[in-house]
Amino acid sequence: MLDTKNAEPTARDAERPAHADSDHPKIPRAKIGVLLANLGTPDGYDYWSMRRYLNEFLSDKRVIDYSPFVWQPLLQGVILTKRPFSSGAAYKSIWNNEAGESPLMTITKAQTAKLRERMQDRFGGDVRIEFCMRYGNPSTFTKVEEMIRDGCQKILFFPLYPQYAGATTATANDQFFRALMKAKWQPASRTVPPYFDRPDYIDALAQSIERAYGALETKPDMLVCSYHGVPKRYLMEGDPYHCQCQKTTRLLKERLGWDDTQITTTFQSRFGPEEWLQPYTVEEVARLAERGIKNIAVCAPAFSADCIETLEEINEEIRESFEHAGGERFTYIPCLNDDEAHISALEATITENLAGWT
Ligand SMILES: C=CC1=C(C)c2cc3[nH]c(cc4nc(cc5[nH]c(cc1n2)c(C)c5CCC(=O)O)C(CCC(=O)O)=C4C)c(C)c3C=C
Ligand SMILES: [Fe+2]
Ligand SMILES: [Fe+2]
């Protein structure tokens, strides 16, 4: 007969709490969290919403790396006095009044809803998918805390920037890790690397160009791939963003079967007096018009969703610069947003990065 009194404790005994059940915190069923992250956007276009958002954004040392002793007086003084008005007016011109939010918010919600459906079909309820923002709401802290509370013992963090930049991908990851620092029970975590060179992403981009060109009466003479800029110094100090943008254009050109006379790379949204990555989109489109290239299309492959920088800056300011220089036809090709091919590329990226977890 088995001597149960002297038997070694089993693995089950070791799992059993030494105290009464009523004394023990409830532990939710273990899940995997996928947290999408985008840049963030103001809650409104009024002065104070804009000021709050710009203050958080422009105080980030990954975005502007000047010494805070020099930068903060400038930011808190002249910049945050003036810019909330000018940027607020720009946001007002593109605001989604029906939903009471900016387009970046509406599109990020749509992307999340579609990916949630895809994940549900693939993994059932075991994978929870949410989005957060680096600046503003919903904050990275809130979402990480919520996921942990809901039982996410593993989290895949996915910054929605095709190309890596310190000012976008790295600061999003920094904030994710800061949120993890607060957790008593820290989930295992992974971050998704840049995805600009994935064939499915390039294919989604190419399909959107082909679709836009197919709908036009006359094919544009030039496709301008306009990427958000960063100071040139960041490139010299080792940030690979510039190279990843150049490579995105090359891969797109190869997939489309085009040559260098049909597609070009430019950088937009320069801020402050320093030199940024060149050529500047606003100047290059004017040069194209002056050279007799009067019919152009512009796309923005650094953005996974349309936002102020595309809908207002490209489609209003940059269009105006082109037309002012004699340009005749200007077509803005929207970002991939919640396009099915884009969602499929993001779904495949997530699934591959979950390998071994599901
Ligand atoms: C001042 C320095 C800035 C750097 C460096 C920068 C890099 C950078 N930004 C994006 C993507 C987005 N930027 C957006 C808005 C935006 N960007 C800056 C400044 C820098 N960006 C400002 C001040 C603003 C706010 C608008 C304004 O006042 O002009 C947005 C849009 C947000 C929205 O609500 O629509 C995105 C997206 C990338 C990809 C990038 C570097 C790679
Ligand atoms: Fe920006
Ligand atoms: Fe480069």
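Residues numbered from 1 in each chain as written. Chains lettered and ligands numbered in written order. Predicted model: local features only at pLDDT ≥ 70, side-chain atom pairs only at ≥ 80, totals over all residues.

## Comments concerning the sheet that holds strand β2 (residues 127–133)
Strand order across the open sheet formed by 4 strands is β2-β1-β3-β4, with parallel pairing between neighbours. Looking at which strands have only one partner, the edges of the open sheet turn out to be β2 and β4 (188–191). Across the sheet, the mean angle from the axis of one strand to that of its neighbour is 20 degrees, orientation sign disregarded. Bridge count between strand β1 (residues 31–38) and β2: 7 bridges; the pairing is parallel. Across the sheet, residue Asn38 finds its bridge partner in β2, namely Met133. Lying on the sheet, helix α4 (residues 103–123) is in contact with β1 and β2; it crosses β2 at an angle near 165 degrees. (Pairing = 2+ DSSP bridges. Helix = DSSP H or I, 4+ residues; strand = E, 2+ residues; numbered from the N terminus. Axes fitted to C-alpha atoms, helices over the stretch in contact; angles between N-to-C directions. Contact = placed C-beta atoms within 7 Å.)

## Section: the UniProt feature "binding site: Fe(2+)" (unreviewed entry) in the protein chain
The positions that UniProt labels "binding site: Fe(2+)" (unreviewed entry) are, in the present scheme, His228 and Glu309. A stretch of 82 residues holds the annotated residues, and the largest C-alpha distance among them is 7.9 Å, short enough that they meet in one place. Relative to the elements of secondary structure, His228 occurs in strand β5 (residues 222–228). Discounting chain neighbours no more than four positions away, the residues touching His228 are Gln268, Ser269, Ala302 and Glu309. Mapped onto the secondary structure, Glu309 falls in helix α11 (residues 308–324). For Glu309, a count of 20 C-beta atoms within 10 Å translates into the label buried. Not counting residues within four places of it along the chain, the set of residues in contact with Glu309 comprises His228, Gln268, Ser269 and Phe303. (UniProt positions renumbered as here; feature names shortened; annotations may be inferred. Buried ≥ 20, exposed ≤ 12 C-beta atoms within 10 Å, placed from the backbone.)

## Side note on the nonpolar core
In this structure, Val34, Leu35, Ala37, Phe158, Val285, Ile296 and Val298 are the most contacted members of the largest nonpolar core, which totals 86 residues. Here this core spans two domains, and each of domain 1 (31–194 + 340–353) and domain 2 (199–332) adds at least three residues to it. Other than its neighbours up to four places away in sequence, Ile296 contacts Pro220, Asp221, Met222, Val224, Val285, Leu288, Phe322, Gly327 and Phe330. (Core = buried A, V, L, I, M, F, W, Y, C linked by C-beta atoms within 7 Å. Domains from an automatic or database assignment.)

## Considering the site of ligand 1
Lining the immediate environment of ligand 1, one finds 22 residues, of which Thr41, Ser87, Ala165, His228 and Cys307 sit closest. Those elements that provide at least two residues to the shell around ligand 1 are α3 (68–94), α6 (166–180) and α11. (Near = placed C-beta within 6 Å.)

## A closer look at the domain arrangement of the protein chain
Here the protein chain is partitioned into domain 1 (31–194 + 340–353) and domain 2 (199–332). Each of domain 1 and domain 2 has a C-alpha centre, and the two are 24 Å apart. Counting residues at the interface gives 24 residues for domain 1, matched by 22 residues for domain 2. A class-by-class count of the residues in the side of domain 1 that touches domain 2 yields 16 nonpolar, 8 polar and no charged. (Nonpolar A, V, L, I, M, F, W, Y, C, P; charged D, E, K, R; others polar.)

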